[in-house]
Amino acid sequence: MGELTVAADALWGAQTERARRNFQLSPLRMPQQFLRALALVKAVAADTNAGLGLLPAATARAIRAAAEEVASGAHPTQFPVDVFQTGSGTSTNMNMNEVLARLASARLKKPVHPNDHVNLGQSSNDVIPTALLVATSLSVEEVLLPALAHLESTIERRARELARVTKTGRTHLMDAVPLTFGQELSGWAAIVRASEERLRDGGKRLRQLPWGGTAVGTGINAHPHFAAKAIAGLAKTTGLAFTAAASPFHGLSHPDAAVELAGHLGNLAGGLLKISNDLRWMNSGPLAGLGEIELPALQPGSSIMPGKVNPVIPEAVAMVAVHVRGSCAAVSEAGASGNFQLNVMLPLLAHSLLESLDLLASAAASLADRAIAGFVVREDVLALALARNPILVTALNPIIGYEHAAAIAKRAYAERRPILDVAAEETRLSRAELEKLLDPRALTNTDDRREARRSSAPSRKTPAPISKGRRRA
């Protein structure tokens, strides 16, 4: 396409320079995790081609050394191509080929060609989707799953500490029957654990690579044994069990494993949003809200209201969750953009997924360390709300019936009195029996609740009338 001037200090060549000039849509560049994965792919490809007798050993060693240098994070400014580029990622593939060729040439003291040597037996169309799957697999294993394990263990530790602290349950944001803080937090831990399980299960499909399919899936210009040997070499290099995709035609044209990952990330984001909002509600107040907990005071909350402290970490995590869910929607659309033998939104897939993985890992760690680990429970507030919670009367349903219990609850709420006092007036159950039946702590445990019902069962035979002057509705 003619001569082109490239900066003297640039490691890239003409193809990268053309892409740099053509694609100036955003300040976004391909993530380091992706460049690392692509460099590892190139290193293994060089070794494989040398082993197959297609590339001189010295050239392969020079390419590998250059690729390992880039994979370690060196030369980050040498990858200037915008995320929003050609949909196959050809520009980024050639950017890597050119940079590695220049570095390898300097090591070898003789020319190494970006296409003939670095890209030997490869096409952007199989290398870029392979690098996408390698990068996301590594990020899930090395970054996200450890962060989720830390969040889960932090929640479980707090759940054990608060196992016997009873509070008012809430459904529809309205008072419901009691549960313990430990039970509530066990639900949070289960949310995180379920996401970990989904990510591990989906990881099996992420590790099925279309490498070796080259341009359209047929493997043109690649050695017949290249794919099997290269994928085995990549598995050894990374420690992950990569295998060949059953159909490279599938892998090149429809990256549904990446879309599945986006679904799991969106699910996780929804779980973190739920936990964050629970923390914000519990922390609300401290006087006019629920005021059940006090989150760690991290910074002033207002530029005008002295003494105000806000739940900044849950708010930040909530914004991460919303951003990630938007990115996952973009991934879903991008994954559906396969035309014939190629998906043409691969750079967007890579950027959105890897950014989301990083954000969720950071959010999980922050939520664990700067919110959940340090919140303090206000047990006096919990006890006051429990004592006046008319929904405790639910425990009397099997003994006095739903309608009678509903009337007691309405009266207790209207008179702003403890349910125990109203029930003592409205039934023939002794105060000792009522105290046992309406004990909030006992209502959180199935065995305790059944025992309380058994001890009060005879009262069912003589249901108490509602107080004089009242009638059943």
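Above this text sits the structure in question.
Summary of the structure given here. (Residues numbered from 1 in each chain as written. Predicted model: local features only at pLDDT ≥ 70, side-chain atom pairs only at ≥ 80, totals over all residues. Heavy atoms only, no water.)

Some points on helix α10 (residues 256-283)
Heads up, the rule is: Each helix is a run of DSSP H or I of at least 4 residues and each strand a run of E of at least 2, with the numbering of both proceeding from the N terminus. The span expected for a helix works out to 1.5 Å for each residue beyond the first.
When the terminal C-alpha atoms of α10 are compared, their 40 Å separation across 28 residues agrees well with the 40 Å that a helix rising 1.5 Å per residue should span. Looking at the residues trailing α10, positive phi occurs at Gly285, about 130 degrees.

Section: the environment of Gly13
Put simply, the rule reads: In this analysis, two residues are considered to be in contact whenever any of their non-hydrogen atoms come within 4.5 Å of each other.
Take Gly13: it is sitting in the segment before α1 (14-22). Considering only alpha carbons, one finds Gly13 and Met319, 306 residues apart in sequence, at a separation of 40 Å. Discounting chain neighbours no more than four positions away, the residues touching Gly13 are Val6 and Glu98.

Re the packing of aromatic side chains
The description of an aromatic ring pair rests on the distance of the ring centres and on the angle between the ring planes. This is how the line gets drawn: Each aromatic pair joins two rings of Phe, Tyr and Trp (for Trp, the six-membered one) with centres within 6.5 Å, and gets the label stacked for planes under 30 degrees apart, edge-to-face for over 60, and tilted for any other angle. By the criterion adopted, a ring carries a charge over it if an Arg CZ or a Lys NZ lies within 6 Å of its centre and within 35 degrees of its normal.
The full count for this structure, using the stated rule, is two aromatic pairs. Each ring, one from Phe181 and one from Phe375, has its centre 6.3 Å from the other, and the planes form 35 degrees; the classification is tilted. Taken together, the residues Phe181 in helix α7 (residues 181-206) and Phe375 in the loop between α12 (346-372) and β8 (376-377) connect sequence positions 194 residues apart. Residues Trp211 and Phe226 carry aromatic rings whose centres are separated by 5.5 Å and whose planes lie at 85 degrees to one another, so their mutual orientation is edge-to-face. Taken together, the positions of Trp211 in the loop between β3 (208-209) and α8 (226-238) and Phe226 in helix α8 put the pair 15 residues apart, joining distant regions of the chain. A cation sits over an aromatic face here: Lys167 above Phe181, 4.9 Å from the ring centre.

Things to note about the pattern of salt bridges
Short version of the rule: The salt bridge definition used is simple: a Lys or Arg side-chain nitrogen within 4 Å of an Asp or Glu carboxyl oxygen. Note on exposure labels: buried denotes an accessible area under 20% of the residue type's maximum, exposed denotes more than 50%, and partly exposed covers the range between, all computed with a 1.4 Å probe on protein chains only.
Throughout the structure, instances matching the rule amount to 28 salt bridges. With a closest N to O distance of 3.0 Å, Asp201 and Lys204 form a salt bridge. A residue pair is termed a helical-turn pair when its members lie 3 or 4 positions apart in one helix, as Asp201 and Lys204 do in helix α7 at three residues. Classification of Asp201 by relative accessible area gives partly exposed; the value is 36%. A salt bridge links Glu260 to Arg205, with the shortest nitrogen-to-oxygen separation between them at 2.8 Å. Of this pair, Glu260 sits in helix α10 while Arg205 sits in helix α7, placing them 55 residues apart in sequence. Arg205 sits in the partly exposed class, given a relative accessible area of 30%. Each of Arg411, Glu415, Arg417, Glu425 and Glu426 takes part in salt bridges that share partners, so that together they form one network.

Quick look at unusual backbone geometry
Most peptide bonds take the trans configuration, and most residues that are not glycine carry a negative phi. The omega torsion of the bond from Gly285 to Pro286 falls at 10 degrees, within 30 degrees of zero and hence cis. Despite not being glycine, Leu173 shows a phi value in the positive range, around 65 degrees. Its location among the elements puts Leu173 in the loop between β1 (166-171) and β2 (174-180). Backbone geometry places Arg416, a non-glycine residue, at a positive phi of 55 degrees. By the secondary structure assignment, Arg416 is in the loop between α15 (402-415) and α16 (419-426).

Some thoughts on the nonpolar core
Test applied: The criterion is simple. A nonpolar core is a set of buried Ala, Val, Leu, Ile, Met, Phe, Trp, Tyr and Cys residues joined through side-chain atoms within 4.5 Å.
Counting 110 residues, the largest nonpolar core has Phe181, Trp211, Leu279, Leu367 and Phe375 as the members making the most contacts within it. Residue contributions to this core peak at 16 residues, all from helix α6 (residues 124-161). The contacts of Leu279, once residues within four sequence positions are left out, are Trp188, Ile293, Leu295, Pro314, Leu367, Ala371, Ile372 and Phe375. In terms of nonpolar packing, the next biggest core, distinct from the first, is built from 19 residues, Ala395, Leu396, Val422 and Leu438 among them.

Details of the side chain of Gln78
Relative to the elements of secondary structure, Gln78 occurs in the loop between α3 (57-71) and α4 (90-108). Take Gln78: its relative accessible area is 11%, and that puts it in the buried class. When neighbours within four sequence positions are excluded, Gln78 is seen to be in contact with Asp9, Ala10, Leu11, Trp12, Asn95 and Val99.

Comments concerning the pairing of β2
How we decide: If DSSP finds at least two bridges between two strands, the strands pair.
With six bridges joining them, β1 and β2 adopt antiparallel strand pairing. Bridging across to β2, Arg170 finds its partner in Asp175. Remark: two residues form the turn of the hairpin made by β1 and β2, two consecutive strands paired antiparallel; His172 in that turn has positive phi of roughly 60 degrees.

Looking at the packing of α10 against helix α11 (residues 312-335)
Under the convention used in this document: Where helices are involved, their axes are fitted lines through C-alpha atoms of the stretch in contact, as for all axes, and angles between N-to-C directions lie from 0 to 180°. The scheme is simple: roughly parallel for angles under 35 degrees, roughly antiparallel for over 145, roughly perpendicular for 65 to 115, oblique for anything else. Left-handed describes a crossing whose near helix is turned anticlockwise from the far helix through less than a right angle; right-handed describes the clockwise counterpart. Throughout this entry, Asp, Glu, Lys and Arg are counted as charged residues, while Ala, Val, Leu, Ile, Met, Phe, Trp, Tyr, Cys and Pro are counted as nonpolar. The remaining residues, Gly among them, count as polar.
Contact pair α10 / α11: the axes reach a minimum separation of 8 Å and the direction vectors enclose 160 degrees. When the interaxial angle is binned, α10 and α11 end up roughly antiparallel. The interaxial crossing formed by α10 with α11 has left-handed handedness. Here Ala258, Val259, Ala262, Leu265, Gly266, Ala269, Gly270, Leu272, Leu273, Ser276, Leu279 and Arg280 of α10 come into contact with α11, specifically with Pro314, Glu315, Val317, Ala318, Ala321, Val324, Arg325, Cys328, Val331, Ser332 and Gly335. Here the residues of the contact of α10 with α11 sort into 15 nonpolar, five polar and three charged.

Description of a nonpolar patch on the surface
Selection rule: Two joining distances apply to patches: 9 Å for like charges and 5 Å for nonpolar side chains (Val, Leu, Ile, Met, Phe, Trp, Tyr), and every residue must have over 30% relative accessible area and no salt bridge. Computed by Shrake-Rupley with a 1.4 Å probe, the accessible areas treat only the displayed protein chains as cover when residues are assessed.
Together, Leu25, Leu28 and Phe84 line one region of the surface with nonpolar side chains, adding up to about 270 Å² of accessible area. Following the sequence through the fold, Phe84 ends up in the loop between α3 and α4. With a relative accessible area of 34%, Phe84 lands in the partly exposed category.

Bear in mind that shape data such as this cannot, by itself, settle questions of function.
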